[in-house]
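Descriptive structure summary
Residue-level listing of the chains:
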Amino acid sequence: MARIEGIAGESDSQTSLKVRRVVAYVVLIFLVLISLLPFYLLLINATRGKTQSGLKVIPEGLFARNLRNVFSDNFKTNYGSFLRAFANSVIVSFFATTLSVYFSALTAYAIHVYDFKLKKPIHTFILIVMMVPTQASAIGLYRMLKGLGLTDSFIPLILPGIAAPAVYFFMIQYMASSLPLEIVEAARMDGCGEYRTFNTIVLPILKPALAVQAIFCFVANWNNLFLPQMLLDKQEMKTIPVLLQMIKANIASNPMTADTGLMNMFMVLAILPVVIVYLLLSKNIVGGVSLGAVKG
Amino acid sequence: MKKGISYAKWGYIFLIPFFVVYFIFSLVPMLETFGYSFLDYVVSQGSVSSIRGGGGGADTIINHGFCGFKNYSDVLKSDGLFTLSFKNTTILWLVGFIPQIVVSLLLASWFTDIRLKLKAQGFFKTVMYLPNVIMASALSLLFYSLFIKNGAMDTMLGHPDMLNKVGGARMVVGLINFLMWYGNTTIMLMAAMMGIDTSLYEASQIDGANPTQVFWQITIPLIKPILAYVLVTSMIGGLQMYDVPYLIGGTTGNPAGVLKTLVSQIQLGKNSSIGAVSALSILIFIVSAILGFITLKVMDDKSVKSMYDVKKKKQPKKINMATSRK
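Residues numbered from 1 in each chain as written. Chains lettered and ligands numbered in written order. Predicted model: local features only at pLDDT ≥ 70, side-chain atom pairs only at ≥ 80, totals over all residues. Heavy atoms only, no water.

Quick word on the overall build of chain B
- Helix and strand counts for chain B come out as 14 helices and 2 strands.
- Counting over 326 residues, chain B shows a buried share of 57%.
- Carbon and sulfur atoms provide 66% of the accessible area of chain B, an area that totals close to 13,700 Å². (Helix = DSSP H or I, 4+ residues; strand = E, 2+ residues; numbered from the N terminus. Buried < 20%, exposed > 50% of the residue type's maximum accessible area, 1.4 Å probe, protein only. Areas by Shrake-Rupley, 256 points an atom, 1.4 Å probe, with all protein chains shown as cover.)

Structure below.
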């Protein structure tokens, strides 16, 4: 980010520069406020009661009540156990992320390191596949899994992680800039097998890229609604976003009996893990968004 | 590797997991979807599936076999499934994307301005990217509860009851999409702008160009590839819009069905009108394939070609792909 400070033209109207700076800060602060306001209101509303009418900016005292209600038997019979859904989300996200990151690195390694006839066509093919939304084949997938009796299973949510074109693309870009082929050759000279070279020598080099992609994959899986909603019917298999969608459907159909405080508390708990991870690793995450773009 | 003859097989071996999984979970379902799209195929469930999901009784499959392009002509009629939901999706996408690209361009040019020297950039970027990592369905439900009649925002704005008005509901969805993506787009555009040779800016300053001129004459032309890339990937992302409008509008896409998107039709039709929904899926595939082809063309010289054709000559500037992740 090192930039040569403006050498020339510095003298031309310092006042207009000041005005521009003030305008910039005002706009930025406004955007910060509208980005954070919803979350502030969420926290406030999680301390409010069953029916919430109007705007409150100061918390009320029902935080503990709402928290208890999320873990109550009543909630369990209505929507299923929160802890169970939480565990399901963790399981699916963890395994899908691990598979995505490991196998995308392996796929990228195959294309990056080896020379074979189909290398370029396969690379192009994966890039094309990357552009096709998974939803386009969802109906076929659903009918197929239904036929196989695999709809209430985590397998179709976890295994497809192995073929993650976007992660592949990121990995191969990273390898192009940070994985010299000489290292692989040196390992061969020392008699290291190809698969072992990948696991013991290449993976450690890729660590920064693996970490960034792992964060993004985990968040994407944690937040995923479409496919889990399509596949998971059994209450004890559902993930957090699916439960959330059920709560919304219930509130929309029975606005009289709906517990808004409970709903807001559920949302706080649903986004909390990601918010914590984000705040701890925000530097890496924000940096990771454009990683590869700034790398020459 | 120029002497990798004996190693070539390892390339193929390491590609096996990807292609096996791709074959089972993507290619075969895609082909099946393609097949269904030509069938007069309807499933009716034994009992109406409840809000909690899960059909009750046994499904009755009504499959009248091959029906040619009837599904396609049905969904493409002026009030057909595809036509309506494509229109809805496009409007919802535009309402979010237009402010997003304007604000992102502005912010990125401010952040990278060598004379402006904005402070606390890390803080601003962190806050702006935050909504992107939040569960889209939670964010949408939150906005639903804020904008619903007598909700906090509804009260703050003087009870416009936006969610029950066509324009209002579109604006709320657009606002959520804007909040989720403007930080991401800003960071992408910043990366592109920081790649611009600073001497160009210095030269323009010496020539007495004002900030507006610099922006339109230097910055914009030089970041065109990444602008095009942002545009097309956002379109592909927009095609897949589901969580936000679904959580706001529910299964009926209220108000007046304007929140029904392409992908929500797939979710709703999975246990009913298989033929029609499959035709819709294939049309989504075709549209995204065209968009994807454009993306590849845009990245072409920058990434696809240079990576393996002119390897080792010089490190090409690569266009970032981080956004293709949903």
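Next comes the rest of the write-up.
Points about the interface of chain B and chain A
- On the chain A side, the residues contacting the 130 residues of chain B number 136 residues.
- When chain B packs against chain A, the two sides together hide about 12,000 Å² of surface, and 70% of this comes from carbon and sulfur.
- Applying the counting rule to chain B against chain A returns 1 salt bridge.
- A salt bridge links Asp113 of chain B to Arg20 of chain A; the shortest N-O distance between them is 2.7 Å.
- The interface formed by chain B and chain A contains 20 residue pairs in polar contact (both at pLDDT 80 or more).
- Ranked by residue count, the leading element in the side of chain B that touches chain A is helix 1 (residues 8-36) of chain B, at 20 residues.
- Of the residues contributing to the side of chain B that touches chain A, the split by class is 81 nonpolar, 31 polar and 18 charged. (Contact = heavy atoms within 4.5 Å. Buried area = accessible area lost by both parts, 1.4 Å probe. Salt bridge = Lys/Arg side-chain N within 4 Å of Asp/Glu carboxyl O. Polar contact = N/O pair within 3.5 Å; in protein donor to acceptor, adjacent residues only side chain to side chain. Nonpolar A, V, L, I, M, F, W, Y, C, P; charged D, E, K, R; others polar.)

Here we look at helix 1 of chain B
- Taking 1.5 Å of rise per residue, 29 residues should cover 42 Å, and helix 1 of chain B covers 39 Å from first to last C-alpha, within 8% of that figure.
- Helix geometry: helix 1 of chain B is bent most strongly at Phe23 of chain B, by close to 45°. (Expected span 1.5 Å × (residues − 1). Bend = angle between axes of the 7 residues up to and from the residue.)

Quick look at the side chain of Gln121 of chain B
Residues and elements named next belong to chain B.
- The topology assignment puts Gln121 in helix 4 (residues 121-133).
- For Gln121, the side chain forms a polar contact with the main-chain oxygen of Phe111, separated by 2.9 Å.
- With residues up to four places along the chain from it excluded, the contact list for Gln121 reads Phe111 and Met190.

Comments concerning unusual backbone geometry
Residues and elements named next belong to chain B.
- The step from Asn254 to Pro255 runs through a cis peptide bond, and the omega angle for that step is -5°.
- Considering the arrangement of structural elements, one finds Pro255 in the loop between helix 11 (243-249) and helix 12 (262-269).
- Backbone geometry places Ala120, a non-glycine residue, at a positive phi of 55°.
- Within the secondary structure, Ala120 sits in the loop between helix 3 (81-111) and helix 4.
- Here Ala120 falls in the partly exposed class, since its relative accessible area comes to 45%.
- If you check the backbone angles, Asn150 has positive phi at about 70° while not being a glycine.

Structural notes on a nonpolar patch on the surface
All names here are of chain B.
- Together, Ile13, Ile16, Val20, Phe23, Ile24, Leu27 and Leu31 make up an exposed nonpolar region whose accessible area comes to about 590 Å².
- For Ile16, the position within the fold is in helix 1.
- Residue class for Ile16 comes out partly exposed when judged on its relative accessible area of 46%. (Patch = residues over 30% accessible without salt bridge, like charges linked within 9 Å, V, L, I, M, F, W, Y side chains within 5 Å.)

Focus: the confidence of the model for chain A
All names here are of chain A.
- The predicted model of chain A averages 87 in pLDDT, with 93% of residues at 70 or higher.
- Predicted confidence is poor over residues 1-11, with pLDDT under 50, and the contacts of this stretch with residues over four places away or in other chains come to 22 contacts.
- In this model, residues 292-296 is a region of pLDDT below 50 whose contacts with residues beyond four sequence positions or in other chains number 13 contacts. (pLDDT = per-residue confidence, 0-100.)

Describing the nonpolar core
- In terms of nonpolar packing, the biggest core is built from 197 residues, with Tyr109 and Phe266 of chain A together with Leu105, Tyr129, Leu189, Ile223 and Ile266 of chain B touching the most fellow members.
- Broken down by element, the residue count for this core peaks at 15 residues, all from helix 13 (residues 260-289) of chain A.
- Composition of this core by domain shows at least three residues from each of domain 1 (1-36) and domain 2 (81-324) of chain B.
- In this structure Leu105 of chain B touches Leu189, Met193, Phe215, Ile220, Ile223 and Leu227 of chain B, once residues within four positions along its chain are discounted. (Core = buried A, V, L, I, M, F, W, Y, C linked by side-chain atoms within 4.5 Å. Domains from an automatic or database assignment.)

Describing the packing of helix 12 (residues 240-253) of chain A against helix 5 (residues 136-147) of chain B
- The interhelical angle for the contact between helix 12 of chain A and helix 5 of chain B, taken along N-to-C directions, is 20°, at an axis separation of 10 Å. With respect to their mutual orientation, helix 12 of chain A and helix 5 of chain B come out roughly parallel. For helix 12 of chain A against helix 5 of chain B, the interelement crossing comes out left-handed. Every residue of helix 5 of chain B that contacts helix 12 of chain A at Pro241, Leu244, Lys248, Ile251 and Ala252 of chain A is listed here: Ser137, Ala138, Leu141 and Tyr144 of chain B.
- For the contact of helix 12 of chain A with helix 5 of chain B, the class distribution of residues is 7 nonpolar, 1 polar and 1 charged. (Axes fitted to C-alpha atoms, helices over the stretch in contact; angles between N-to-C directions. Parallel < 35°, antiparallel > 145°, perpendicular 65-115°, else oblique. Left-handed = near helix turned anticlockwise from the far one by under 90°.)

Some thoughts on the packing of helix 1 (residues 14-45) of chain A against helix 3 of chain B
- One can describe the packing of helix 1 of chain A onto helix 3 of chain B by two numbers: an axis separation of 11 Å at closest approach and a directional angle of 130°. Judged by the inter-axis angle, helix 1 of chain A sits oblique to helix 3 of chain B. For the pair helix 1 of chain A and helix 3 of chain B, the sense of crossing is left-handed. Across the interface between the two elements, Val23, Ala24, Val27, Leu28 and Leu31 of chain A from helix 1 of chain A touch Val103, Leu107, Trp110 and Phe111 of chain B from helix 3 of chain B.
- Among the residues forming the contact of helix 1 of chain A with helix 3 of chain B, the class breakdown is 9 nonpolar, no polar and no charged.

Structural notes on the confidence of the model for chain B
Residue and element names in this part refer to chain B.
- Scored by pLDDT, chain B comes out at a mean of 82, with 85% of its residues at no less than 70.
- Low pLDDT, under 50, characterises residues 47-57; the predicted model gives this stretch 17 contacts beyond four residues in sequence or across chains.
- Within the model, pLDDT remains below 50 along residues 303-326, and this stretch shows 71 contacts once partners closer than five positions in the same chain are excluded.

Focus on the packing of aromatic side chains
- Considering all chains together, one arrives at 37 aromatic pairs over all chains under this definition.
- Ring geometry for Tyr109 of chain A against Phe14 of chain B: centres 6.1 Å apart, planes inclined by 40°, an arrangement best described as tilted. Here Phe14 of chain B lies in helix 1 and Tyr109 of chain A lies in helix 4 (residues 82-113), a pairing that spans two chains. Taken individually, Tyr109 of chain A and Phe14 of chain B each receive the classification buried, so the pair is uniform in this respect.
- Members of the aromatic cluster, each reached through a chain of ring pairs, are Phe71, Phe75, Tyr79, Phe82, Phe86, Phe218, Trp222 and Phe266 of chain A.
- For the cation-ring pair, Arg188 of chain A lies above Tyr7 of chain B, with the distance from its terminal atom to the ring centre recorded as 3.5 Å.
- Across the ring face of Tyr144 of chain B, the terminal group of Lys248 of chain A is positioned such that the distance to the ring centre comes to 4.4 Å. (Phe/Tyr/Trp six-rings, centres within 6.5 Å; stacked < 30°, edge-to-face > 60°. Lys NZ or Arg CZ within 6 Å of the ring centre and 35° of its normal.)

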